[in-house]
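Take a look at the letters that make up each chain.
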Amino acid sequence: MQHPAIFALASGAGRAAVAVLRLSGAGTAGIVTALAGRLPPPRRASLRKLRHPGTGEVLDEALLLWFPSPASYTGEDSAELHLHGGPAVLAGVAEALVAAGARPAEPGEFTRRAFLNGRMDLTAAEGIADLIAAETEAQLRQALRQAGGALATLYGGWARRLTALLARQEAFIEFEDEDLPADLDDTVARDAAALRAEIASHLADGGRGERLREGLLVAILGAPNAGKSSLLNALAGREAAIVSARAGTTRDVVEVRLALAGVPVTLADTAGLREATDEIEAEGVRRARRRAEEADLVLAVFAADRPPDAETLAWVRPGTLVLANKVDLAPAPAAIGGAVPLAVSARTGAGLAALQERLAAAASELAGTADAAVLTRPRHRAALEEAVGWLEELTAAPLPELRAETLRAALRALGRITGQVGVEAVLDAVFGEFCIGK
């Protein structure tokens, strides 16, 4: 389907040696011809002088590429203008494109058209968005898998199996007088249970793909002067937080973004946990506790030269990484709150390499970097959970008609992820598998 012609800057904003303007939609051939004189051969870069269609003024000398429908990103007639990247050039060419009949694209409109024209499903479109936003190599690999169709293949396979099950169940209902297998109804129930178990196993991933996509939050907790800010600076490799011998220097949450084992991590230095001396510090302590509750991992920091404080001890639980800082002043205790602490010194750097290794291992475990199709968004999880729920209801449904409805509902839930589901698929399966009406 050809929509009205749109254009947008496909390269980065700002002054550059080369800027790429992308066009797509009905009338693209005429618009390009109006500026460049004639179309080049498909998918072959050609040098053209671009002129304003109204005034004839030369705007730039650019490389032009032409992608006729349907062999383009959007599935529509498309073109790319590789321009000199100055702001005046871009402004002039954009004005000329509008004069020729194109309009600026809305955010995501090119990829939306690609989806509407069947060039990709919704999960691949989301993968492209993740590819653009990827900060680390692990995020990049995950986004590439999704943009390349890993999730679409997995979910599409499940959708086809559901469609076949629904077709069998509908055949059992509508054509019971035909020569159908006697155990068809039982076979549908058994196969639906197997599919439900597969989807449930996919869901039981601990949110690893979502964590990798969004990044982990690591909260650094401890009493005032436990060395939290020094530890943050040491891990970040720069002076991100103010360090002072005065207790209560950190009043708000100070965050630093870094990568561990290919996983983006936000380190959050928080206010010291204690009875606040004023309302500002009280708010800082409240934010520290909230950050710890939201965190994927908590670093409970104790000063080796002081007795452990009760409030930080309350955060020593399974999954918390316990640190004994300032081991340059005193040896680390054998245990803190029943946990063996990792001995570090933010001042001298002792133990920091071991801490970084522990953090990288924890990040890898929480977010994962396996080469597999994984859930990356809450909407995927919600739809799959709904599908599992409907398949569970199938086992208790007393009538074939109700079992068919649970399969239909599960298929709709699964189809919401990819954006591809319809009654035509069920009809094709019914008439294809059972040859009814021959």
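Just above, that's the structure.
Residues numbered from 1 in each chain as written. Predicted model: local features only at pLDDT ≥ 70, side-chain atom pairs only at ≥ 80, totals over all residues. Heavy atoms only, no water.

1. Notes on the sheet that holds strand 10 (residues 297–303)
Adjacent strands of a sheet pair through backbone hydrogen bonds, lying either parallel or antiparallel.
Step number 1: One open sheet holds the 6 strands; their spatial order is 8-9-7-10-11-12, and the pairing between them is mixed. In this open sheet, the two strands that pair with only one neighbour each are strand 8 (254–260) and strand 12 (342–343).
Step number 2: The sheet contact formed by strand 7 (residues 216–222) and strand 10 spans 5 bridges and is parallel. Its bridge partner lying in strand 10, Gly222 is registered against Val301. (Pairing = 2+ DSSP bridges. Helix = DSSP H or I, 4+ residues; strand = E, 2+ residues; numbered from the N terminus.)

2. Looking at helix 2 (residues 87–100)
Step number 1: For helix 2, built from 14 residues, the straight-helix expectation of 20 Å at 1.5 Å per residue is met to within 8% by its first-to-last C-alpha distance of 20 Å.
Step number 2: Buried within helix 2 are the following residues: Val89, Leu90, Val93, Ala96 and Leu97. End-on, the buried residues of helix 2 take up no more than an arc of 130 degrees, which puts them together on one face.
Step number 3: Lining the buried residues of helix 2 we find strand 1 (6–9), strand 2 (16–24), helix 1 (28–36), strand 3 (46–51), strand 4 (58–67) and strand 5 (78–85). (Expected span 1.5 Å × (residues − 1). Buried < 20%, exposed > 50% of the residue type's maximum accessible area, 1.4 Å probe, protein only. Arc of directions from axis to C-beta. Contact = heavy atoms within 4.5 Å.)

3. Description of the packing of aromatic side chains
Step number 1: This model, assessed by the stated rule, comprises 1 aromatic pair.
Step number 2: Over the ring of Tyr73 we find Arg22; its NZ or CZ atom is 5.0 Å from the centre of that ring.
Step number 3: If you follow Arg22 out to its NZ or CZ, it ends over the ring of Phe110, 5.5 Å from the centre. (Phe/Tyr/Trp six-rings, centres within 6.5 Å; stacked < 30°, edge-to-face > 60°. Lys NZ or Arg CZ within 6 Å of the ring centre and 35° of its normal.)

4. Focus on the sheet that holds strand 4
Step number 1: As summarised here, the arrangement of the 6 strands in space is 3-4-5-2-1-6, forming an open sheet in which the pairing is mixed. Both outer strands of the open sheet, strand 3 and strand 6 (103–104), are each paired with one neighbouring strand and no more.
Step number 2: Here strand 2 runs beside strand 5; their pairing, made up of 8 bridges, is antiparallel. When the bridges of strand 5 are listed, Val20 appears paired with His82.
Step number 3: Packing against the sheet, helix 1 makes contact with strand 2, strand 3, strand 4 and strand 5, and its axis sits at approximately 80 degrees to strand 3.
Step number 4: The sheet strands contacting helix 2 are strand 1, strand 2, strand 3, strand 4, strand 5 and strand 6, and the helix crosses strand 5 at an angle near 150 degrees. (Axes fitted to C-alpha atoms, helices over the stretch in contact; angles between N-to-C directions.)

5. What to know about the nonpolar core
Side chains that are nonpolar tend, in soluble globular proteins, to be buried together.
Step number 1: In terms of nonpolar packing, the biggest core is built from 30 residues, with Leu231, Val265, Leu299, Leu323, Leu355 and Leu359 touching the most fellow members.
Step number 2: Setting aside chain neighbours within four positions, we find Leu359 in contact with Leu235, Leu260, Leu297, Leu299 and Leu321.
Step number 3: Grouped together as the second largest cluster of nonpolar side chains are 27 residues, Trp158, Leu162, Ala404 and Ala413 included. (Core = buried A, V, L, I, M, F, W, Y, C linked by side-chain atoms within 4.5 Å.)

6. Things to note about the packing of helix 4 (residues 122–133) against helix 5 (residues 137–147)
Step number 1: Closest axis-to-axis distance for the helix 4/helix 5 pair is 7 Å, and the angle between their directions is 155 degrees. Overall, the two elements helix 4 and helix 5 adopt an arrangement that is roughly antiparallel. Helix 5 is crossed by helix 4, and the crossing has left-handed handedness. Note on element contacts: helix 5 touches helix 4 through Leu140, Ala143, Leu144, Gln146 and Ala147, opposite Thr123, Ala124, Glu126, Gly127, Ile128, Asp130 and Leu131.
Step number 2: Tallied by class, residues from the contact of helix 4 with helix 5 come to 7 nonpolar, 3 polar and 2 charged. (Parallel < 35°, antiparallel > 145°, perpendicular 65-115°, else oblique. Left-handed = near helix turned anticlockwise from the far one by under 90°. Nonpolar A, V, L, I, M, F, W, Y, C, P; charged D, E, K, R; others polar.)

7. Quick look at the packing of helix 13 (residues 378–396) against helix 14 (residues 400–418)
Step number 1: Direction vectors running N to C along helix 13 and helix 14 enclose 170 degrees, while the axes themselves pass 8 Å from each other. Overall, the two elements helix 13 and helix 14 adopt an arrangement that is roughly antiparallel. Contact residues: helix 13 offers Arg379, His380, Ala383, Leu384, Glu386, Ala387, Trp390, Leu391, Glu393 and Leu394, while helix 14 offers Arg403, Thr406, Leu407, Ala409, Ala410, Ala413, Leu414, Arg416 and Ile417.

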